[in-house]
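# Working through the structure, step by step
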Amino acid sequence: MITKKFKEYNCTEPSVVTVGTFDGIHLGHQDIINKLQEISKTKILKSIVLSFLPHPKIVLQNSSDIMLINSLDEKVNTLKKYNIDYFVIKDFDIAFSRLTALEFVRDILVNKLNAKHIIVGYDHHFGRNRDASIIQLKEFGDVYEFDVTELSPRKLNNVSISSTKIRELLLIGNIELANKYLNDYFMLTGIVVKGMGRGKNLGFPTANIRIVDDNKLIPKNGVYIVASKIDSKTYYGMMNIGNNPTFKDKKKSIEIHFFDLNYSIYDKRITIKIIKRIRDEKQFKTPELLINQLKKDRKISLEFTYKNKIEIE
């Protein structure tokens, strides 16, 4: 897969294109991408995923509070698994948002990307104020000679999967259902930084993670089973997200106690895959009670990863 900024994209070969923010790249998105690949092969077209940066809601709502399932790097790494030809990133700003549906189709999809087939989800809208739908897209297809495929929503237990639903699940701590919708483990990417050293003093040294993307969604406070590939080896551990109420810390932190990791990883950029939520964050009356709970958490985590033979990419 070749990642290009829109203005740098210069391939003139005919293409099949899908358009969207693709936050989370969940099962519904995966259906679209698989269809993209299928049509790319049968029609001999270059496969293109066109996405936007920043997320349109950040610009249109003038808000930095929008929470994203994926950072850009996480999205790129996930898309690499699908062997698409190009991941094209269009800067999203107010001027771009004001393009009419005609201008978007003609100037972006047809003239720039040379689209001969366009694939969209069932609820796709585009153009200024998102006032155009699949009906208008098919009409443009007749004019500019491209085909249109609309995919039905992907459902799990009669629930339509969406990025919004996944965000809601993460915020209430339902990591396991979120992972099912994602068909992968939800991930956090960050830099390992020095903490207060408190975990080491308790017998549970931790890696403190500073999240790279300010708009990245952080799941509900609590303790989770996690895994990370560090220097090509998979390490398992338990992660606490919260404010350390036992010690009355006020600043939110993300701390991971890795099992069997015996060397320093300060300043490393790592990606954490979150497997299962164990419990809520609790306040303990003494450090000794906290240590006892951490021992229980470690036992639960080790037994779970061993029994389920967890594998991560």
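Residues numbered from 1 in each chain as written. Predicted model: local features only at pLDDT ≥ 70, side-chain atom pairs only at ≥ 80, totals over all residues. Heavy atoms only, no water.

### A few points about the pattern of salt bridges
Within this structure, the stated rule accounts for 14 salt bridges. One salt bridge in this structure joins D107 and R106, with 2.8 Å as the shortest N-O distance. Residues joined in a network through salt bridges with shared partners are K81, D184 and K273. (Salt bridge = Lys/Arg side-chain N within 4 Å of Asp/Glu carboxyl O.)

### Some thoughts on the nonpolar core
In this structure, M239 and F258 are the most contacted members of the largest nonpolar core, which totals 31 residues. Of all elements in the fold, only α7 (163–171), α8 (175–182), β9 (186–193), β10 (207–211), β11 (222–230), β12 (233–242), β13 (253–258) and β14 (269–279) reach the threshold of two or more residues within this core. Ignoring any residue separated from it by four or fewer positions in sequence, one finds M239 in contact with L188, G222, V223, Y224, V226, I254, E255, I256, I272 and I274. Among the nonpolar cores identified, the runner-up in size contains 30 residues, and F6, F96, A115 and L137 belong to it. (Core = buried A, V, L, I, M, F, W, Y, C linked by side-chain atoms within 4.5 Å. Buried < 20%, exposed > 50% of the residue type's maximum accessible area, 1.4 Å probe, protein only. Helix = DSSP H or I, 4+ residues; strand = E, 2+ residues; numbered from the N terminus. Contact = heavy atoms within 4.5 Å.)

### Brief notes about the sheet that holds strand β6 (residues 147–151)
What links the strands of a sheet is backbone hydrogen bonding, and the strands pair in either a parallel or an antiparallel sense. With parallel pairing, six strands are arranged side by side in an open sheet as β1-β4-β3-β2-β5-β6. Each edge of the open sheet is held by one strand with a lone partner, namely β1 (2–5) and β6. Adjacent strand axes in the sheet meet at a mean angle of 25 degrees, parallel and antiparallel pairs treated alike. Both strand β5 (residues 115–121) and β6 contribute to a ladder of five bridges, which runs parallel. Bridging across to β6, I119 finds its partner in T149. Lying on the sheet, helix α1 (residues 27–43) is in contact with β2 (15–19), β3 (46–53), β5 and β6; it crosses β5 at an angle near 160 degrees. (Pairing = 2+ DSSP bridges. Axes fitted to C-alpha atoms, helices over the stretch in contact; angles between N-to-C directions.)

### Some remarks on the layout of surface pockets
In this structure, the second largest pocket encloses a volume near 1,200 Å³. Lining the second largest pocket are 47 residues; nearest its centre among them are G20, T21, H124, H125 and R130. When residues of the lining of the second largest pocket are traced back to their parent elements, those giving at least two are β2, α1, α2 (56–60), α4 (94–97), β5 and α7. In terms of residue class, the lining of the second largest pocket is made up of 18 nonpolar, 19 polar and ten charged. (1 Å grid on protein atoms, 1.4 Å probe; cavity = no way out; pocket = protein on both sides within 12 Å on 5 of 7 lines; lining within 4 Å. Points joined across faces, edges and corners; volume = space filled by probe spheres on them. Nonpolar A, V, L, I, M, F, W, Y, C, P; charged D, E, K, R; others polar.)

### Here we look at the packing of α7 against α8
Viewed as axis vectors pointing N to C, α7 and α8 meet at an angle of 155 degrees, and their least axial separation amounts to 8 Å. Classified by the interaxial angle, the pair formed by α7 and α8 is roughly antiparallel. Helix-helix and strand crossings are classified by hand; for α7 and α8 the assignment is left-handed. The residues of α8 that touch α7, namely those facing K165, I166, L169 and L170, are I175, L177, A178, Y181 and L182. In the contact of α7 with α8, the residues fall into eight nonpolar, no polar and one charged. (Parallel < 35°, antiparallel > 145°, perpendicular 65-115°, else oblique. Left-handed = near helix turned anticlockwise from the far one by under 90°.)

### Side note on empty space enclosed by the protein
The method is simple in principle: a probe with the dimensions of a water molecule rolls over the atoms, and the space it marks as empty is what remains. Under the defined criterion, the tally for this structure stands at one cavity of 30 Å³ or more. Within this model, the largest cavity holds a volume of roughly 30 Å³. In terms of lining residues, the largest cavity is bounded by V19, F104, V105, L109, I118, V120, H124, F126 and L137. Every element with two or more residues in the lining of the largest cavity is listed here: α5 (101–112) and β5. Of the residues forming the lining of the largest cavity, the biggest block, three residues, is contributed by α5. Residues belonging to the lining of the largest cavity are distributed by class as follows: eight nonpolar, one polar and no charged.

### Notes on the sheet that holds β10
Sheet architecture is closed into a barrel: six strands sit in the order β9-β10-β13-β12-β11-β14, paired in antiparallel fashion. Within the sheet, the average angular offset between the axes of one strand and its neighbour, ignoring direction, is 45 degrees. The pairing of β9 with β14 spans six bridges and is classified as antiparallel. Within β14, the residue paired with I191 across the bridge is R269.

### Notes on the side chain of Q37
Looking at the secondary structure, you find Q37 in helix α1. What makes Q37 buried here is its relative accessible area of 13%. What Q37 contacts, discounting residues up to four positions off in sequence, is S47, Y82, N83 and I84.

### Points about α7
Within an α-helix, residues lying three or four positions from one another point in the same direction, as the helix has 3.6 residues per turn. Those residues of α7 that fall on the buried side of the exposure criterion are S163, I166, R167, L169 and L170. Around the axis of α7, the buried residues are gathered within 160 degrees of arc, so they sit on the same side. The elements touched by buried residues of α7 are α1, α8 and β9. Downstream of α7 by a residue or two, G173 has a phi angle that is positive, lying close to 90 degrees. (Arc of directions from axis to C-beta.)

### Focus: the packing of aromatic side chains
All told, the structure shown has six aromatic pairs when counted by the stated rule. Geometrically, the ring pair formed by F52 and F92 is edge-to-face, given 5.9 Å between the ring centres and 75 degrees between the ring planes. Placement of F52 in strand β3 and of F92 in the loop between β4 (86–91) and α4 is noted, with a sequence separation of 40 residues between them. Each member of the pair F52 and F92 is classed as buried. Aromatic side chains F52 and F96 sit 5.7 Å apart centroid to centroid with 45 degrees between the ring planes, which places their arrangement in the tilted category. On the criterion of sequence distance, the pair formed by F52 in strand β3 and F96 in helix α4 is long-range, its members being 44 residues apart. For the pair F52 and F96, one class covers both residues: buried. Members of the aromatic cluster, connected to one another through ring pairs, are F52, F92, F96, F104 and F126. A cation sits over an aromatic face here: K112 above F6, 5.3 Å from the ring centre. (Phe/Tyr/Trp six-rings, centres within 6.5 Å; stacked < 30°, edge-to-face > 60°. Lys NZ or Arg CZ within 6 Å of the ring centre and 35° of its normal.)

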